[in-house]
Amino acid sequence: MQESFHSRVYAVVCSIPPGTVATYGQVAALAGNPRNARFVGFALHANPEPGIIPCHRVVFRDGSLAPGFAFGGPDKQRALLEREGVSFVEPRPDHANAGAEGGCVDMDRCQWHG
DNA sequence: GCAATGACCTGCT
DNA sequence: CAGCAGGCCATTG
């Protein structure tokens, strides 16, 4: 159980309050490496405890979710976030990425401030 | 021990 | 305004 980046990211993601979402860059920054946003996902991918890590609370900078890698389904992730109390915006707030056709978190209201 | 990859982000053309 | 490319750091095989 070394304090590798994995453990740190895991702690940060697990530290995200309910009804709130954080971006990979945010988690990466809190983990101590703002430039390792791509590695944050890697940490969750190799995460040691799948199921206890609220990966669904981690979203892109645009507010879109991770396509194809949702722990059980993108639709499930949207349901989980909504269930937590996170607000969702159907239309694209800005120029959203391809992949989140109807899954954009309202970063204006639910982005984790830390 | 070496090398390659990776749920991304940012900047430039 | 939009699309494209590259780079960062750490873990894994």
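Scroll up to find the structure this text is about.
Residues numbered from 1 in each chain as written. Chains lettered and ligands numbered in written order. Predicted model: local features only at pLDDT ≥ 70, side-chain atom pairs only at ≥ 80, totals over all residues. Heavy atoms only, no water.

S.K.: How would you explain the side chain of T23 if you had to name every residue and give the values?
M.R.: Turning to its location among the elements, T23 is positioned in strand 1 (residues 22-23). Relative accessible area serves as the criterion here: at 1%, T23 is assigned to the buried category. When near neighbours in sequence (up to four residues on either side) are disregarded, T23 contacts V58, V59, F60, R61, M107 and Q111. (Helix = DSSP H or I, 4+ residues; strand = E, 2+ residues; numbered from the N terminus. Buried < 20%, exposed > 50% of the residue type's maximum accessible area, 1.4 Å probe, protein only. Contact = heavy atoms within 4.5 Å.)

S.K.: Which residues make up the protein's contact with DNA strand B, and what values go with them?
M.R.: In the vicinity of DNA strand B, the contacting residues are Y24, A37, R38, F39, G41, F42, L44, C55, F60, R61, A66 and F69. Side-chain polar atom of R38 to a base nitrogen of DNA strand B: 3.0 Å apart, as the coordinates give it. In this structure, R61 approaches DNA strand B through a main-chain N or O atom, which is 3.1 Å from a phosphate oxygen. The element best represented in the surface near DNA strand B is helix 3 (residues 37-45), accounting for six residues. For the surface near DNA strand B, the residue count by class is nine nonpolar, one polar and two charged. (Near = heavy atom within 4 Å. Polar contact = N/O pair within 3.5 Å; in protein donor to acceptor, adjacent residues only side chain to side chain. Nonpolar A, V, L, I, M, F, W, Y, C, P; charged D, E, K, R; others polar.)

S.K.: Could you give an account of the protein's contact with DNA strand C, naming the residues involved and the relevant values?
M.R.: Contacts to DNA strand C come from S4, F5, H6, N33, R35, N36, R38, F39 and F42. Within the side chain of N33, an N or O atom sits 3.4 Å from a sugar or linking oxygen of DNA strand C. In the environment of DNA strand C, a sugar or linking oxygen lies 2.4 Å from a nitrogen or oxygen atom belonging to the side chain of N36. If you list the elements that add at least two residues to the surface near DNA strand C, you get helix 1 (5-15) and helix 3. In terms of residue count, the dominant contributor to the surface near DNA strand C is helix 3 (three residues). Here the surface near DNA strand C is built from residues that sort into three nonpolar, four polar and two charged.

S.K.: Which residues make up the pattern of salt bridges, and what values do they have?
M.R.: Counted under the stated rule, the structure contains two salt bridges. With a closest N to O distance of 2.8 Å, R57 and E84 form a salt bridge. You can see R57 sitting in the loop between helix 3 and strand 2 (58-59) and its partner E84 sitting in helix 4 (residues 74-84), a full 27 residues away along the chain. Exposure remark for R57: the relative accessible area of 11% places this residue in the buried category. A salt bridge links R109 to D106, with the shortest nitrogen-to-oxygen separation between them at 3.9 Å. Judged by its relative accessible area of 62%, R109 is exposed. (Salt bridge = Lys/Arg side-chain N within 4 Å of Asp/Glu carboxyl O.)

S.K.: Provide a residue-level description of the packing of helix 2 (residues 24-31) against helix 3, including the pertinent values.
M.R.: One way to put it is that helix 2 packs onto helix 3 with a least axis distance of 8 Å and a crossing angle of 90°. By the angle class used here, helix 2 and helix 3 are roughly perpendicular. Side by side, helix 2 and helix 3 meet where Y24, G25, V27 and A28 of the first sit next to A37, V40, G41 and L44 of the second. (Axes fitted to C-alpha atoms, helices over the stretch in contact; angles between N-to-C directions. Parallel < 35°, antiparallel > 145°, perpendicular 65-115°, else oblique.)

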